Amino acid sequence: QVQLVESGGGLVQAGGSLRLSCAASGSIFSINTMGWYRQAPGKQRELVATITSGGSTNYAGSVKGRFTISRDNAKNTVYLQMNSLKPEDTAVYYCNANLRQLGFLLYKDYWGKGTLVTVSS
């Protein structure tokens, strides 16, 4: 079994910062891309940022320059540093990992349960 557990969400004022963490655990052979997605009330889930095992990053235009994604491959952990937060960043943030389990040949997407980020104006 594989688990992705997010932490670090909470309530912050506009202009503030938060750091999200997501640790993958279980019978993991290898992790390819890890990333963060978010879903605001009444909206579809959208990509925030992704990072490959080699460190290549990709950001949504709305967060570029404010958010930074990073990962610790030794700890199977991905981080999202969020600065200059805006009320429109309010959402449930989900961690995603494309990984291969021990004993399996194919890579598959796994998701965390999400952590709520609320930015007050």
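Everything discussed here concerns the structure shown above.
Scoring rules and cut-offs
- Residues numbered from 1 in each chain as written.
- Predicted model: local features only at pLDDT ≥ 70, side-chain atom pairs only at ≥ 80, totals over all residues.
- Heavy atoms only, no water.
- Helix = DSSP H or I, 4+ residues; strand = E, 2+ residues; numbered from the N terminus.
- Rg over C-alpha atoms; globule rule 2.2 N^0.38 Å.
- Buried < 20%, exposed > 50% of the residue type's maximum accessible area, 1.4 Å probe, protein only.
- Contact = heavy atoms within 4.5 Å.
- Areas by Shrake-Rupley, 256 points an atom, 1.4 Å probe, with all protein chains shown as cover.
- Lys, Arg positive; Asp, Glu negative; His and termini not counted.
- Charge placed at Lys NZ, Arg CZ, Asp CG, Glu CD.
- Polar contact = N/O pair within 3.5 Å; in protein donor to acceptor, adjacent residues only side chain to side chain.
- Disulfide = S-S within 2.5 Å.
- Salt bridge = Lys/Arg side-chain N within 4 Å of Asp/Glu carboxyl O.
- Pairing = 2+ DSSP bridges.
- Axes fitted to C-alpha atoms, helices over the stretch in contact; angles between N-to-C directions.

J.: Looking at this structure, I do not really get the overall build of the protein. What am I missing?
T.: In terms of regular secondary structure, the protein is built from zero helices and eleven strands. Ordered by position in the sequence, the α and β elements of the protein form the string β-β-β-β-β-β-β-β-β-β-β. Expected size for 121 residues packed as a compact globule is a radius of gyration near 14 Å; at 14 Å, the protein falls within 12% of this value. Referenced to the eigenvectors of the C-alpha coordinate spread, the extents of the protein come out at roughly 50 × 25 × 25 Å. When burial is assessed residue by residue, the protein has 42% of its 121 residues classed as buried. Within the protein, contacts between residues at least 6 apart in sequence are counted, and of these 55% link residues at least 24 apart. On the protein, roughly 6500 Å² of surface is accessible, and the fraction owed to carbon and sulfur atoms is 49%. Of the charged side chains in the protein, 12 are positive and 6 negative, and the gap between their average positions amounts to 3 Å.

J.: Explanation requested: the environment of Asn-96 in the structure shown.
T.: Turning to its location among the elements, Asn-96 is positioned in strand 9 (residues 91–101). When the C-alpha positions of Asn-96 and Trp-111 are compared, they lie 4.7 Å apart, and in sequence the two are 15 residues distant. Among all residues touching Asn-96, those that are not within four sequence positions of it are Leu-4, Thr-33, Met-34, Gly-35, Tyr-37, Asp-109, Tyr-110 and Trp-111. Within the structure, the side chain of Asn-96 is placed 3.4 Å from the backbone oxygen of Tyr-110, a separation counted as a polar contact.

J.: So what exactly am I meant to see when it comes to the state of the cysteines here?
T.: On inspection of all chains with the given rule, the structure shows one disulfide. There is a disulfide in this structure between Cys-22 and Cys-95, and the S-S distance comes to 2.0 Å. Here the S-S torsion is close to -80°, and the disulfide linking Cys-22 with Cys-95 is therefore left-handed. Here the residue Cys-22 occupies a position in strand 3 (residues 18–26), and Cys-95 occupies one in strand 9, the gap between them amounting to 73 residues.

J.: Got a minute to help me understand the pattern of salt bridges in this structure?
T.: A pair can form between side chains of opposite charge whenever their charged atoms are brought close. By the definition in use, this model includes three salt bridges. A salt bridge links Arg-38 to Glu-46; its shortest N-O distance comes to 2.7 Å. By relative accessible area, which is 37% here, Glu-46 ends up partly exposed. Of the charged contacts in the structure, one is a salt bridge between Arg-66 and Asp-89, with a shortest N-O distance of 2.8 Å. Of this pair, Arg-66 sits in the loop between strand 6 (57–59) and strand 7 (67–72) while Asp-89 sits in the loop between strand 8 (77–82) and strand 9, and the two are 23 residues apart along the sequence. On the accessibility criterion, Arg-66 (11% relative accessible area) is buried. By relative accessible area, which is 1% here, Asp-89 ends up buried.

J.: Before we go on, may I ask you to explain the sheet that holds strand 3 in this structure?
T.: Through backbone hydrogen bonds, the strands of a sheet pair up, either in parallel or in antiparallel fashion. With antiparallel pairing, four strands are arranged side by side in an open sheet as 1-3-8-7. The open sheet has two free edges, formed respectively by strand 1 (2–7) and strand 7, since each of these has just one partner strand. Across the sheet, the mean angle separating the axes of adjacent strands is 15° when strand polarity is ignored. Direction of pairing for strand 3 relative to strand 8: antiparallel, over a ladder of six bridges.

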